[in-house]
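# Survey of secondary and tertiary structure
The residues making up each chain are set out below.
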Amino acid sequence: MFEMAKELLKQLFRKPFTNRFPSKHVPKSTTKLLKNVKEGMAKVNRPVPIPEGFRGKIAYDKEKCIGCKLCIKVCPANCYDFLEKERKVKYHLSRCTFCAQCVDVCPVNALTSTKEFLLSDYKTH
Amino acid sequence: MSLKDLNRSLWVFHVNSGSCNGCDIEIVATLTPRYDIERFGMKLVGTPRHADVLLVTGPVTRDMEKKLRRVFDQTPDPKVVMVIGNCGSTGGVFYESYNLVGPVDRIIPVDVYVAGCPPRPEAIIEGVVKVWAKLEKRGEKK
Ligand code: SF4
Ligand code: SF4
Ligand code: SF4
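A few points on the structure. (Residues numbered from 1 in each chain as written. Chains lettered and ligands numbered in written order. Predicted model: local features only at pLDDT ≥ 70, side-chain atom pairs only at ≥ 80, totals over all residues. Heavy atoms only, no water.)

The subject of this paragraph is the site of ligand 1. Taken together, the residues surrounding ligand 1 are Ile58(A), Cys75(A), Pro76(A), Cys79(A), Tyr80(A), Tyr91(A), Cys96(A), Thr97(A), Phe98(A), Cys99(A), Ala100(A) and Cys102(A). In the shell around ligand 1, the residues fall into 11 nonpolar, 1 polar and no charged. (Near = heavy atom within 4 Å. Nonpolar A, V, L, I, M, F, W, Y, C, P; charged D, E, K, R; others polar.)

Before going further, it helps to examine the nonpolar core. Met42(B), Val53(B), Leu55(B), Met82(B) and Ile84(B) are the most contacted members of the largest nonpolar core, which totals 24 residues. Secondary-structure elements contributing two or more residues to this core are helix H2 (22–31), strand E3 (53–57), strand E4 (80–84), strand E5 (112–114) and helix H5 (121–141) of chain B. Looking at this core element by element, the count peaks at 7 residues for H5(B). Excluding its chain neighbours within four sequence positions, the residues that come into contact with Ile84(B) are Cys23(B), Ile27(B), Leu55(B), Val56(B), Thr57(B), Val114(B), Pro119(B) and Ile124(B). By size, the runner-up hydrophobic cluster in this structure holds 21 residues, among which are Ile58(A), Cys71(A), Tyr91(A) and Phe98(A). (Core = buried A, V, L, I, M, F, W, Y, C linked by side-chain atoms within 4.5 Å. Buried < 20%, exposed > 50% of the residue type's maximum accessible area, 1.4 Å probe, protein only. Helix = DSSP H or I, 4+ residues; strand = E, 2+ residues; numbered from the N terminus. Contact = heavy atoms within 4.5 Å.)

The next thing to look at is the sheet that holds strand E1 (residues 11–16) of chain B. Across a sheet, strands are paired by hydrogen bonds formed along the backbone, either parallel or antiparallel in direction. All names here are of chain B. If you walk across this open sheet you meet the 5 strands as E2-E1-E3-E4-E5, and the pairing is parallel. Either end of the sheet is taken by a strand with one partner, and the two such strands are strand E2 (43–44) and E5. Note: E4 against E5, 3 bridges, orientation parallel. The partner of Ile84 across the bridge, within E5, is Val114. In this fold H2 packs onto E1, E2, E3 and E4, with an angle of close to 140° to the strand it touches most, E3. (Pairing = 2+ DSSP bridges. Axes fitted to C-alpha atoms, helices over the stretch in contact; angles between N-to-C directions.)

Relative to the helices and strands, Ser120(A) resides in the segment after strand E4 (111–113). Looking at Ser120(A), the relative accessible area reads 4%, which means it is buried. Residues Ser120(A) and Ser94(A) lie 26 residues apart in sequence; the distance between their C-alpha atoms is 9.6 Å. Once residues lying within four places of it in the same chain are set aside, the contact partners of Ser120(A) are Val112(B), Tyr113(B), Val114(B), Ala115(B), Ala123(B), Glu126(B), Gly127(B) and Lys130(B). A polar atom in the side chain of Ser120(A) sits 3.5 Å from the backbone nitrogen of Gly127(B). (Polar contact = N/O pair within 3.5 Å; in protein donor to acceptor, adjacent residues only side chain to side chain.)

Written as structure tokens, this is what we have:
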């Protein structure tokens, strides 16, 4: 009985394990909250920290690219279109499976994995 | 349709149209105490007839096409469709499969695409925020 009361008291003052991203409850107006966040008037809770070596959205440096097509060859999801005129590639985020094989294969490091993962949208890219 | 028309917590039905199960696990992870999407009043329901939101994962296989259409029709209006994962948005890694009739937006209209393969639970929550914002915007226009 005493043990139980001790545990109860402990739980009462412990911080909840839940990560309250982006806010504790539903705001009165989401549009307003989003606007305020953009202007820096309101803050949202941060997401759970991402682990070391996380593979997020691929960043493409167009300047560096030499148009060797290796990334097109290696990509399992057909993410890259080749732009014949410029001899560059175009990356399609909505096809990517974030395996980072293209990052490994690119000879001039034009492709890098970023830590970006909040990527929902109203259309595909 | 706007948020006012719904005027209640969003209940969610999850359809797996041939996914690899990665995104399905992430949806379940979103329900765990760590992320706890139920604090927004959202929960998974057992039938499309109780749902306001359809979560569709997977690239829609030949077998699932009819069933997906039927689930969509069974969901009462007003409804919102969210695609979770890249294979549902574009075909993703399954793009050249002989058994593919999707992606999802070729079968049913889609409101929000959550990119990722699979997306992290926060990305799914962000998708929900986008749904909310979209509904509110529609409400204002009226
Ligand atoms: S991370 Fe993988 S799937 Fe994405 S573009 Fe690179 S090779 Fe293609
Ligand atoms: S592998 Fe690198 S250099 Fe070659 S086409 Fe792709 S991005 Fe350009
Ligand atoms: S998007 Fe990727 S993780 Fe999700 S169901 Fe499709 S293949 Fe699996």
